Amino acid sequence: MRERVGYLPDIGEEIIDTKILTFTRKGEVLEVEAPQLTMEQMQLVTEKVKTASSEVLKNMSITEIISIIDSAIEVLLDRHSTYRKKAEMLLPIVTGYDKEMIRLGLTSFLKKFRKHELQRFVVEDLGNPLLLDGFQPRVKRGYSKAVGPDLILHVWAGNVPALPLWSLISGLLVKSGNIGKVSSAEPLFAGWFAQVLVEVAPQLKDCLAVVWWKGGDEAREKEIFRYADVVVGYGSNTSLESMSRRIPVTTRFLPFGHKVSFGVISNAALDSRKALATAHQAAFDIIQFDQQGCYSPHIFYVQKGGNVTPAEFAQYLAQELESYQKRYPRRTLTLEEMTAAVHWRNQEEVSSFSNPAKQVFGQTDHHWTVVYEEGAAFSPTCSNRTVKVIAFDELEDILPSIQHYRKFLQSAGIAAAPKDLFRWAEKFGNIGVTRITALGKMTSPEAGWHHDGRFNLLDLVQMVDIEHSAEEYAEYFAAYID
Amino acid sequence: MELQQIINQLMTVLQSDSLSDDEFNHYALQLFAYQYTNNLPFRKFCQQKGKTIRTVKSWKDIPAVPINAFKEVALTCTPPEEAERYFMTSGTTQGVKGKHYHPTLQVWNLSMKTYFKQRFMKETEKIRMGILFPTEEEMPNSSLARYLALAKQEFGTEESHYLLGENGIDLERLIQELEHAERSDEPYAILGASFSFVHLFEELAKIGRSFQLPAGSKILDTGGFKNQSKEWELGEFYHELSRVLGVPRKDCINMYGMTELSSQLYDTGNEQVPSIKSGPHWLKTRIIHPLTGKEVAEGERGVIVHCDLANFNSVSTILTEDLGMKVGEGFLLLGRVQGTEAKGCSLAVEEFIKAATEPTR
């Protein structure tokens, strides 16, 4: 099988070089043809996208844009559409994730970009969506308008399929030209979305591009970053740092670095009836995309004093992970990942010899590992369904070990009664957590969430103010002045 | 068996010419029983894997202990405080270094000398050596410092010496030595850490010099050269080594050793990279699938496991973090698993640990 990646606007008769990336899974081979543009071609693309978006997108109303995205998402949600079928067939080969996990994951993800959710997106950040269309009166007097940049460049990661949609759709909503660079790990979905979008709204055909180059290509990045007004980057701090060195100071850089998430379970969620359900939800957050997301939990803090003890909960969790393995098997790991997993597991086992309270569940050939520990330090696991359960009495006992990692914290999944939820949320917010969510929902942020505590649209736009004085002053020059 | 018996037997084994498979198996199982009995953390490790003296029937069944375990527990059959020497691992986990205890260095020394002679010295009895590494006094817990000190003491001529000063390479001395070798036509050997050679390249490039060492000269490098100013490809490294010092690549030997072992492995020169590595008759290497622990087929990639009979006091069988591929009687070393970089935005453990050691704000 062969699939061409990306989407290019009309840059005339150009011969585009391609590079073949090969993916195999269970005997199925997929060759992915990634376009490799020359510097000159890349420049043509940026110019085209810039011009087209300022002529087309900038003159559309936000309502029109939302309807177009909605129609494109509808195509991708329709299980009979060619694109959806292609996604369901090819993404498992490229990412290695289970077919069923991809299918359900796609639906739950795409649902967030339907019309009503998109409206929420806009209102969430701007209050008044019309700010994107024209000057709107302000309470303080005067008028303001939100203007999107001419060109946003996205450098995407490939850990979770379809993830580029968050930033690409945000870019479209602010009426910017968008060029996205897909990652070699999941190069497909963003291009399909662009193709569907253009099929639904042919007038947008030159307003966006989805391209590929090998990450870290210094010369190319240095050149292309010059054309962008905003660069949105995803990746490790090391790669973001090196990226930032290539971005001119006049270009805004929005880096999304690696993050770590965790869960906290109060003893109220651990009575004999609720504990199993709690473990089931927690296990889902672990198995979904094999903990490759920034929102994926690595640790569950479990409060003592419930009917089910934290150690018993760890055992429940192990059982749940084992049954999930039957339904949604873990993707095939690379040799490197397997070795890392085995070493992580072995090390936990060995350290349990000098720590009688520590338990390691499962065996090396299991596709998950649960470690139960008391008073352990906060530390991410090696992912791919490895998790630590740490017992605690009071929240205050665990905060000091977590707060040290302020810069890396993201989601906390909480199972607790309302009073504790708010009290704990307060504490976690203070030490750097930016998202509190239900167990079972950790890998599925709501539409309009504040990704790493930031704004989706507000961070992209700049506001233009007409101050009250200008308005008043203008009156003085009006034709109707007496 | 008693400790002294084990040691005596080993000394004989190390001095023998070879071991049959049955003999190797016999000694390995004997050693396993000894370690299972006397090394408590190891016994627990085995029990966790469901392995006991009764169920381990072949040396291949002996549970391979991950090198990280050395950082977590004292893997020793004798009280650590009675050890003649312990070697420390270079890698750390959250600042903790692993320790490998040796109640006596007798076995370690004999293992080193016997196989060093066979693989590096060959017919040569003594050679003038320059060592690109700190001395044993400067680094008493470095197994590599010990190794190089022993090499110099046993196989180096009187004029052999260290080439590292307080501020890195003693360039003046080095050039003197290289010039002397060129003039006198006396074979010369340089031994050291691979990254020291990278520094040597840089120093010589600065002054624009290269040398043509006389026939019979040799180089021994060991360890990797990651995190240097420039990432070196293996082929590039040996090309440069050979070019700068005028030693043919077949005489540039790489030693593959680990603090967690008591023996070393070598290749037969680096005309081609990666080279095929192999160890002495008292050490056997397997390439396994990390999850099942089963040996992979020849030509397939897997994780390297060593069973080293000379590791009598800790654990005979080590699970490395190195990837390899079996080729004939040896194996190709395909690099180290570096905690594996996370693919997306989930935080990699290494990055996290790095952050933990930095000041918060």
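Everything that follows concerns the structure shown earlier in this document.
Residues numbered from 1 in each chain as written. Chains lettered and ligands numbered in written order. Predicted model: local features only at pLDDT ≥ 70, side-chain atom pairs only at ≥ 80, totals over all residues. Heavy atoms only, no water.

A.B. asks: Would you mind showing me how to read the overall build of chain A here?
C.D. replies: What chain A contains, in helices and strands, is 15 helices and 18 strands. For a compact globule of 482 residues, the expected C-alpha radius of gyration is about 23 Å, and chain A comes in at 24 Å, within 12% of that figure. Reported as C-alpha extents along the three principal axes, the dimensions of chain A are approximately 85 × 60 × 45 Å. Taken across its 482 residues, chain A has 58% of its residues classed as buried. Summarising the internal contacts of chain A: among those between residues at least 6 apart in sequence, 74% fall at separations of at least 24. When the accessible area of chain A is evaluated, it comes to approximately 19600 Å², of which 51% is carbon and sulfur surface. (Helix = DSSP H or I, 4+ residues; strand = E, 2+ residues; numbered from the N terminus. Rg over C-alpha atoms; globule rule 2.2 N^0.38 Å. Buried < 20%, exposed > 50% of the residue type's maximum accessible area, 1.4 Å probe, protein only. Contact = heavy atoms within 4.5 Å. Areas by Shrake-Rupley, 256 points an atom, 1.4 Å probe, with all protein chains shown as cover.)

A.B. asks: Where do I start with helix H5 (residues 115-126) of chain A in this structure?
C.D. replies: Two residues of an α-helix separated by three or four positions point the same way, owing to the 3.6 residues in each turn. Residue and element names in this part refer to chain A. End to end, H5 covers 16 Å across twelve residues, agreeing with the expected 16 Å (1.5 Å per residue, within 8%). Among the residues making up H5, those that are buried are Glu117, Leu118, Phe121, Val122, Asp125 and Leu126. Each buried residue of H5 sits inside an arc of 150° when the element is viewed along its axis, so together they form one side. (Expected span 1.5 Å × (residues − 1). Arc of directions from axis to C-beta.)

A.B. asks: Where do I start with the pattern of salt bridges in this structure?
C.D. replies: Oppositely charged side chains can form a pair if their charged atoms are brought close together. Using the criterion set out here, one finds 48 salt bridges over all chains in the structure. Notably, a salt bridge pairs A:Arg84 with A:Glu88, separated by 2.7 Å at the nearest N-O pair. On the criterion of helical spacing, the pair formed by A:Arg84 and A:Glu88 is a turn pair, its members being four residues apart in helix H3 (residues 82-95). A:Glu88 carries the same exposure label as A:Arg84, and that label is buried. Of the charged contacts, one joins B:Glu136 and B:Arg146 as a salt bridge, the two residues approaching to 2.9 Å between their closest N and O atoms. Of this pair, B:Glu136 sits in the loop between strand S4 (128-132) and helix H6 (143-155) while B:Arg146 sits in helix H6, and the two are ten residues apart along the sequence. We classify B:Arg146 as buried; its relative accessible area is 10%. (Salt bridge = Lys/Arg side-chain N within 4 Å of Asp/Glu carboxyl O.)

A.B. asks: Sorry if this is basic, but what is going on with a negative patch on the surface here?
C.D. replies: All names here are of chain A. Taken together, the side chains of Asp10, Glu13, Glu14 and Glu40 make up a negatively charged region of the molecular surface. Of note, Glu40 is situated in helix H1 (residues 39-55). Since its relative accessible area comes to 55%, Glu40 is described here as exposed. (Patch = residues over 30% accessible without salt bridge, like charges linked within 9 Å, V, L, I, M, F, W, Y side chains within 5 Å. Lys, Arg positive; Asp, Glu negative; His and termini not counted. Charge placed at Lys NZ, Arg CZ, Asp CG, Glu CD.)

A.B. asks: Teacher, can you tell me more about the sheet that holds strand S6 (residues 151-155) of chain A here?
C.D. replies: Strand pairing in a sheet relies on backbone hydrogen bonds. The paired strands run either parallel or antiparallel. All names here are of chain A. In space, the five strands of this open sheet follow the order S8-S7-S6-S9-S10, with parallel pairing throughout. The open sheet has two edge strands with one neighbour each: strand S8 (208-211) and strand S10 (252-256). Strand-to-strand twist across the sheet, computed as the mean angle between neighbouring axes with direction ignored, equals 15°. In terms of strand pairing, strand S9 (residues 230-234) meets S10 through five bridges, oriented parallel. Bridge assignment links Val231 to a residue of S10, and that residue is Phe253. Contacts from H1 reach S6, strand S7 (177-181) and S8, with the element oriented near 145° to S7. (Pairing = 2+ DSSP bridges. Axes fitted to C-alpha atoms, helices over the stretch in contact; angles between N-to-C directions.)

A.B. asks: So what exactly am I meant to see when it comes to unusual backbone geometry here?
C.D. replies: Across the chain, the bulk of peptide bonds are trans and the bulk of non-glycine residues have phi less than zero. B:Pro274 follows B:Val273 through a cis peptide bond whose omega is -10°. Within the secondary structure, B:Pro274 sits in the loop between strand S11 (265-267) and strand S12 (276-278). Although it is not a glycine, A:Asp452 sits at a positive phi angle of roughly 50°. Exposure remark for A:Asp452: the relative accessible area of 15% places this residue in the buried category. Positive phi, normally seen in glycine, also occurs at B:Lys122, with a value near 55°. Among the secondary structure elements, B:Lys122 is positioned in the loop between helix H5 (106-121) and S4.

A.B. asks: I keep staring at the packing of helix H1 (residues 3-15) of chain B against H5(B) and nothing clicks. Help me out?
C.D. replies: When two helices pack together, their arrangement is captured by the angle between the axes and the distance separating the axes. All names here are of chain B. Their axes nearest at 10 Å, the elements H1 and H5 cross at an angle of 5°. As judged from the angle between their axes, H1 and H5 are roughly parallel. Across the interface between the two elements, Ile7, Leu10, Met11, Leu14 and Gln15 of H1 pack against Gln106, Val107, Leu110, Ser111 and Thr114 of H5. For the contact of H1 with H5, the per-class residue count stands at six nonpolar, four polar and no charged. (Parallel < 35°, antiparallel > 145°, perpendicular 65-115°, else oblique. Nonpolar A, V, L, I, M, F, W, Y, C, P; charged D, E, K, R; others polar.)

A.B. asks: Honestly, the state of the cysteines in this entry has me stumped. Any pointers?
C.D. replies: Each disulfide consists of one covalent bond between the sulfur atoms belonging to two cysteines. Residue and element names in this part refer to chain B. Counted under the stated rule, the structure contains zero disulfides over all chains. The thiol sulfur of Cys77 is not disulfide-bonded, and the nearest other cysteine sulfur, from Cys46, lies at 11 Å. Classification of Cys77 by relative accessible area gives buried; the value is 12%. (Disulfide = S-S within 2.5 Å.)

A.B. asks: Help me out: how do you make sense of helix H13 (residues 395-403) of chain A in this one?
C.D. replies: Residue and element names in this part refer to chain A. Taken together, the buried positions of H13 are occupied by Leu395, Ile398, Leu399 and Ile402. Looking straight down H13, one finds that the buried residues subtend no more than 120° of arc, so they occupy a single side. Close packing links the buried residues of H13 with strand S11 (260-265), strand S12 (297-303), strand S15 (386-392), strand S16 (409-415) and helix H14 (418-430).

A.B. asks: Explain the nonpolar core here, please?
C.D. replies: A general trend in soluble globular proteins is that nonpolar side chains are found buried together. In this structure, A:Ile69, A:Leu173, A:Phe189 and A:Phe193 are the most contacted members of the largest nonpolar core, which totals 108 residues. Not counting the four nearest positions on each side in its chain, A:Phe189 is found in contact with A:Leu76, A:Ala87, A:Leu91, A:Leu106, A:Leu110, A:Ala162 and A:Leu165. Residues B:Tyr36, B:Val107, B:Met255 and B:Ile318 belong to the second largest nonpolar core, which totals 74 residues. (Core = buried A, V, L, I, M, F, W, Y, C linked by side-chain atoms within 4.5 Å.)

A.B. asks: In this structure, what is going on with the sheet that holds S16(A)? I would like to understand it.
C.D. replies: Residues and elements named next belong to chain A. The seven strands are arranged S13-S14-S15-S12-S11-S16-S17 in an open sheet whose pairing can be described as mixed. One side of each edge strand has no neighbouring strand; the edge strands of this open sheet are strand S13 (359-361) and strand S17 (435-437). Adjacent strand axes in the sheet meet at a mean angle of 20° when their direction is disregarded. Inspection of the sheet shows S12 paired to S15 by five bridges, in the parallel sense. Directly across from Tyr301, in S15, lies its bridge partner Ile390. Lying on the sheet, helix H12 (residues 335-352) is in contact with S13, strand S14 (369-374) and S15; it crosses S14 at an angle near 35°.

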